[in-house]
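Residues per chain are reported as follows:
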Amino acid sequence: IPAIILGVYGFIFYILDIDQWNTTAGNVFRGLSMAAMFVLFVYLIMLVSNQFPYGVIALFALFQPIWLLSVKTFIYKSTETRIYLNWLSGPLFLAAFLTIIGFVVWVSSDYVNQWNQVTKVMAAEHTECSPNFSNYPNCMSADGFGGACFRANELVYPPVLVFEDNCEYTCVHIYDGCANGFVLWSGPILMSLSMIFLGSFCTFLRTEGANETEIFNFGKIWIFVLCILWASASLAGTAAGVTTSLATLTLASLVGSAIFMTASYSKEQKENSTKAVVDRLRAKYSNSLDYLRGAFIVTSLPLIAVYFFLNMVNQFFRKSGLNPIAQPAKEDDSDRASLLTVTGKKQMNRMKSWDTVRVVTIAIYWGIFYMGMQVVVSNLTVVFLSWLIDATADFGLVAVSGILCGVGVAMFLLPPVPGVPVYLTLGIVLAAQGYETLGWMGAISYATAVGLVLKLFSSAMQQKLIGEQLSHKVKVRQFVSVNSSLMKSMRIVLGEKGLSIPKVAILIGGPDWPTSVLCGIMRLDLAQIILGTTPIVFLIFPTCLTGALMFMSSLETDNGNPVYPWAGSVTTVTASLTAMVQFGSMLVAAYYLEQTATRRSAEAKALGDDEEVKAADEKDEYVNKCYHDVTRWGIVPTLWKSVLLASLASIISSCYLVQFFSDLCFVPHSLTDSIEENLDGSVANMFLPVGWVAVGLFTLSIVLLGLFSRWGKRMAKQLVNADSPDYIEDPGIFC
């Protein structure tokens, strides 16, 4: 009911133009209405917190800036908002640090304050979370009441799990979908991260400098912050709740920081800054804006459709005269009122001016990339490595080390596979094989050393055997844009001798395969690249430690209880640390590349262009123009328009299914799970019916895009081979 009320009220608020009521009474009514909607929204989040527990953390990230701005309003009235916000960085960092310290002390003080399988079951029982028996039908109790075949006995200390006869330990996975307990337990850590994000933003928000410059800095910072979604996807195999937590917290913190940014400017400053930013974007990044438009389309097309529908309803009320204080239905008397409002019409015309085929094609590629990360990295890679862990369980340490090195090198040579799952596997397997002879710290150190050698050896292979061999091919150098300012900046930074923060950040923060191969294509000195890559040990160690802790948390006593109950708690902390190290290096790498491109532009220009690539670019420029000409949306035949739009619809549907209905698409599977027990011995069982639908739509989208691209290239080739440049002037030839 609250959701319906909120939806109806928001609908009325929009179509009656309440946001534009500028009289005194209108302002009061609008303020009260927005306050009521906000309270109702919070109430709704609380009501659905059992099904969507991460909403509470998102509320904290949103409440925090609102509360701090309220303090400014009532206590620091005379202080300029931007100065006040700049003051907040120190207190926010201090509060985050003290919260983390308090959390560590609290977790260490008592067994029941830790997070492990026993306390997870206790939390699920206390919150009355419904167990998921669909994937574990044999885990239902024999008492006939529909409960689980095990329970947490809290009458003893420490609490233990009690299993019925024939009830397997894997049945604890029926509570894997119960995130309520984890959110409550990890709340202090997540809140601390939110304060760190907000404190970092306040640090950069200075009182000096042009407004549009600060907005650009804000955009750059949060574009990089979204890279944490890739970092957390690498940790999907930990089953520690890190992926969803970081994704939710990141997006909520983005909104919270936007609130701070908005509050720091007056209305006039906002309008002027927005215009300056738009003009600068068009002047500097006109060739790259289509990539942002494509990302916008693939993520928001359903919302765009809903927005324009509501816009038409709004226009209907404006034209009908039912609302005497509504905004005008047309811009001036000479303008003809359309189905859309004046603003909606401008927005629609702006979208129509885009290169539709290019934007839609890029949108499809964004969707393909996302599905590849979600299916290949987050699922299939984890399943393969879990099988490898099972298969090598009975081997000796030396034999296992050799097998993992061979498999690790092979995986590093695959472009989409990141290094983190490989390091996690090393931590699990080598710790399991070596802790009896080397001890836990010795086994973890050994796994870290193997991981470092594996990474350096793979990087050398990628650079020498792939990158340098491909560097002789003009098409390859052209594909990676060796003449671009970005590649020249990368060449300057990586070409420096010794260790430096920019060099190390790029080599560690960049994706494994592309970074090493690019070093080979640019024919950089191998010894210097290996030296710059060595600090990756600071990423490998916490990752191997996380893997070892995962194995330790899976060890159980004869009665099915954990041998190391504290390992689950520490796993979550170290997994978060791994994600932050990986993301931090990505952020620093992007920052220094931007700085190099800006401050050392003269040095980059002095490097000169690759003449062969430059000639190839000039030659391909006409071919690309021909492809653009023959795929102008106005002359593309209806059949091929339908093919491209069907491809877009398929990939969007696939991405939405995987993103919002992941539990219906895949069976949860971590590195320590057994394929035999968790997936009934078949990898195909990881895909639920909805998952197969998503994969089918994904495949269909690729096929349809391939057909359209093939048609477009064939038409472009005909145009290139035509004798007359006027060949394009007859659109009928493409029908």
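Throughout this description, residue numbers start from 1 for each chain and increase along the sequence as written. Selection of residues for local features in this predicted model requires a pLDDT of at least 70, selection of side-chain atom pairs for listing and counting requires 80 or more, and totals for whole chains, interfaces and linings are taken over all residues. Heavy atoms from the whole structure form the basis of all side-chain values; hydrogens and water molecules are not counted.

Peer 1: Lay out the overall build of the protein in plain terms, naming residues and giving numbers.
Peer 2: Looking only at helices and strands, one finds 29 helices and two strands in the protein. Buried, partly exposed and exposed residues are distinguished by accessible area as a fraction of the type maximum, computed with a 1.4 Å probe on protein chains only: under 20%, between the cut-offs, and over 50%, respectively. A total of 735 residues make up the protein; the buried ones form 47% of that total. Looking at the protein alone, contacts between residues at least 24 apart form 76% of all its contacts between residues at least 6 apart. What sets the accessible areas is the Shrake-Rupley method with a 1.4 Å probe; for residues, cover comes only from the shown protein chains. Taken as a whole, the protein presents about 36,300 Å² of accessible surface, with 65% of it coming from carbon and sulfur. By definition, any uninterrupted DSSP run of H or I lasting at least four residues is a helix, any uninterrupted run of E lasting at least two residues is a strand, and each is numbered from the N terminus. What makes two residues a contact is simply this: any of their non-hydrogen atoms within 4.5 Å.

Peer 1: Any chance you could break down the packing of helix H16 (residues 420-470) against helix H20 (residues 512-521) for me, citing the residues and the numbers?
Peer 2: What counts as an axis is a line fitted to C-alpha atoms, over the stretch in contact for a helix, and the angles between N-to-C directions run from 0 to 180 degrees. Interaxial distance between H16 and H20 falls to 5 Å at its minimum, and their mutual angle equals 40 degrees. Of the possible angle classes, the one that applies to H16 and H20 is oblique. Crossing of H16 against H20: the hand is right-handed. Between H16 and H20, the residues in contact are Tyr423, Lys455, Ser459, Gln462, Gln463, Ile466, Gly467 and Glu468 and Asp512, Trp513, Ser516, Val517, Cys519, Gly520 and Ile521, respectively. In this classification, Asp, Glu, Lys and Arg are treated as charged, Ala, Val, Leu, Ile, Met, Phe, Trp, Tyr, Cys and Pro as nonpolar, and every other residue, Gly included, as polar. Split by residue class, the contact of H16 with H20 holds six nonpolar, six polar and three charged. Note on angle classes: values under 35 degrees are labelled roughly parallel, values over 145 roughly antiparallel, values of 65 to 115 roughly perpendicular, and the remainder oblique. By definition, turning the near helix anticlockwise from the far helix through less than a right angle yields a left-handed crossing, and turning it clockwise yields a right-handed one.

Peer 1: I'd like to hear about the pattern of salt bridges, residue by residue, with values.
Peer 2: Two side chains of opposite charge can pair, provided their charged atoms sit close to one another. By definition, a salt bridge exists where a carboxyl oxygen of Asp or Glu is found within 4 Å of a side-chain nitrogen of Lys or Arg. One pass over the structure, following the stated rule, counts five salt bridges. Among the salt bridges present, the one from lysine 464 reaches glutamate 468, with a minimum N-O distance of 2.9 Å. Highlighted residues: lysine 464 and glutamate 468, both in helix H16, separated by four residues, approximately one helical turn. Aspartate 629 is the partner of arginine 632 in a salt bridge, and the nearest nitrogen-oxygen pair spans 3.7 Å.

Peer 1: Before we move on, can you summarise the pairing of strand E1 (residues 150-153) with the specific residues and values?
Peer 2: Where E1 and strand E2 (residues 160-163) come together, four bridges link them in antiparallel fashion. Residue asparagine 153 lies in a different strand from E2, and its bridge partner there is valine 160. Note on pairing: two strands pair once DSSP finds at least 2 bridges between them. Where E1 hands over to E2, the hairpin turn is made up of six residues, counted between the paired strands.

Peer 1: Residues and numbers for the confidence of the model for the protein, please.
Peer 2: Per-residue confidence for the protein gives a mean pLDDT of 76; residues scoring 70 or more make up 79%. Every residue carries a pLDDT, the predictor's confidence in it, which falls somewhere between 0 and 100. Within the protein, the element-level pLDDT minimum falls on helix H9 (residues 228-234), averaging 43, and the maximum on helix H26 (residues 638-660), averaging 91. Taken as a whole, residues 206-240 scores under 50 in pLDDT and shows 97 contacts with residues more than four places along the chain or in a different chain. Segment residues 723-735 is flagged for pLDDT under 50; beyond a separation of four residues in sequence, or across chains, it makes 17 contacts in the model.

Peer 1: Tell me what's going on with the state of the cysteines, and back it up with residues and numbers.
Peer 2: For this text, the term disulfide refers to a pair of cysteine sulfurs within 2.5 Å. Per the counting criterion, the structure on display carries two disulfides. One disulfide bridge connects cysteine 149 with cysteine 167, the sulfur atoms lying 1.9 Å from each other. Here the S-S torsion is close to 50 degrees, and the disulfide linking cysteine 149 with cysteine 167 is therefore right-handed. Here cysteine 149 is found in the loop between helix H6 (117-126) and E1, whereas its partner cysteine 167 is found in the loop between E2 and helix H7 (180-204), with 18 residues between them in sequence. For cysteine 149, a relative accessible area of 3% puts it in the buried group. Classification of cysteine 167 as buried rests on a relative accessible area of 12%.

Peer 1: Tell me about the nonpolar core, and please be specific about residues and values.
Peer 2: Membership of the largest hydrophobic core comes to 44 residues, with the highest contact counts inside it found for Ile364, Leu648, Ile651 and Phe708. Of all the secondary structure elements, the ones that give two or more residues to this core are helix H12 (289-320), helix H14 (356-391), helix H25 (611-630), H26 and helix H29 (689-721). The set of buried Ala, Val, Leu, Ile, Met, Phe, Trp, Tyr and Cys residues whose side-chain atoms join them within 4.5 Å is what this entry labels a nonpolar core.

Peer 1: Outline the packing of aromatic side chains, supporting the account with residue identities and numerical values.
Peer 2: Stacked, tilted and edge-to-face pairs are distinguished by plane angle, under 30 degrees for stacked and over 60 for edge-to-face with tilted covering the rest, among Phe, Tyr and Trp rings (Trp via its six-membered ring) whose centres lie within 6.5 Å. Counted under the stated rule, the structure contains 15 aromatic pairs. On the numbers, 6.0 Å between centres and 50 degrees between planes, the contact of phenylalanine 412 with tyrosine 423 is tilted. Of this pair, phenylalanine 412 sits in helix H15 (residues 397-412) while tyrosine 423 is found in helix H16, placing the two residues eleven residues apart along the sequence. Every member of this aromatic cluster is reached through a ring pair, and the members are Phe103, Trp106 and Trp185.

Peer 1: Which residues make up the packing of H26 against H29, and what are the values?
Peer 2: At a minimum axis distance of 8 Å, the contact between H26 and H29 shows a crossing angle of 150 degrees. The angle between H26 and H29 places the two elements in the roughly antiparallel class. Once H26 is placed against H29, the crossing between them reads as left-handed. For the pair H26 and H29, contact is made by Trp640, Val643, Leu644, Ala646, Ser647, Ser650, Ile651, Ser653, Ser654, Leu657 and Val658 and by Val690, Val693, Ala694, Leu697, Phe698, Leu700, Ser701, Leu704, Leu705, Leu707, Phe708 and Trp711, respectively. In terms of residue class, the contact of H26 with H29 is built from 18 nonpolar, five polar and no charged.

Peer 1: Pulling in residues and values, what's your account of the environment of phenylalanine 698?
Peer 2: Here phenylalanine 698 is to be found in helix H29. Judged by relative accessible area, phenylalanine 698 falls into the buried class, the value being 19%. Between the C-alpha atom of phenylalanine 698 and that of serine 650, which follows or precedes it by 48 residues, the distance is 6.5 Å. Setting aside chain neighbours within four positions, we find phenylalanine 698 in contact with Ile368, Met371, Ile651 and Ser654.

Peer 1: An account of the side chain of lysine 455 is requested, with residue identities and associated values reported.
Peer 2: Relative to the helices and strands, lysine 455 is located in helix H16. Not counting residues within four places of it along the chain, the set of residues in contact with lysine 455 comprises Phe412, Tyr423, Asp512, Thr533, Ile536 and Ile540.

Peer 1: Before we move on, could you go through the environment of lysine 473 and cite the residues and values that matter?
Peer 2: Mapped onto the secondary structure, lysine 473 falls in the loop between H16 and helix H17 (474-479). Taking the relative accessible area as the measure of exposure, lysine 473 reaches 49% and is therefore partly exposed.

Peer 1: Which residues make up H25, and what values do they have?
Peer 2: A helix is expected to span 1.5 Å multiplied by its residue count minus one. Look at H25: 29 Å from first C-alpha to last across 20 residues, which is about the 28 Å you get at 1.5 Å a residue. Against H17 and H29 lie the buried residues of H25.

Peer 1: Break down a nonpolar patch on the surface for me, with residues and values.
Peer 2: Surface patches are defined over residues having more than 30% relative accessible area and no salt bridge, joining like charges when they lie within 9 Å and nonpolar side chains (Val, Leu, Ile, Met, Phe, Trp, Tyr) when within 5 Å. Side chains of Leu94, Phe97, Leu98, Ile101 and Val105 sit close together on the surface and give an oily, nonpolar patch of about 500 Å² of accessible area. Residue position: phenylalanine 97 is located in helix H5 (residues 89-109). A residue is classified by how much of its surface remains accessible, and phenylalanine 97, at 51% relative accessible area, is exposed.

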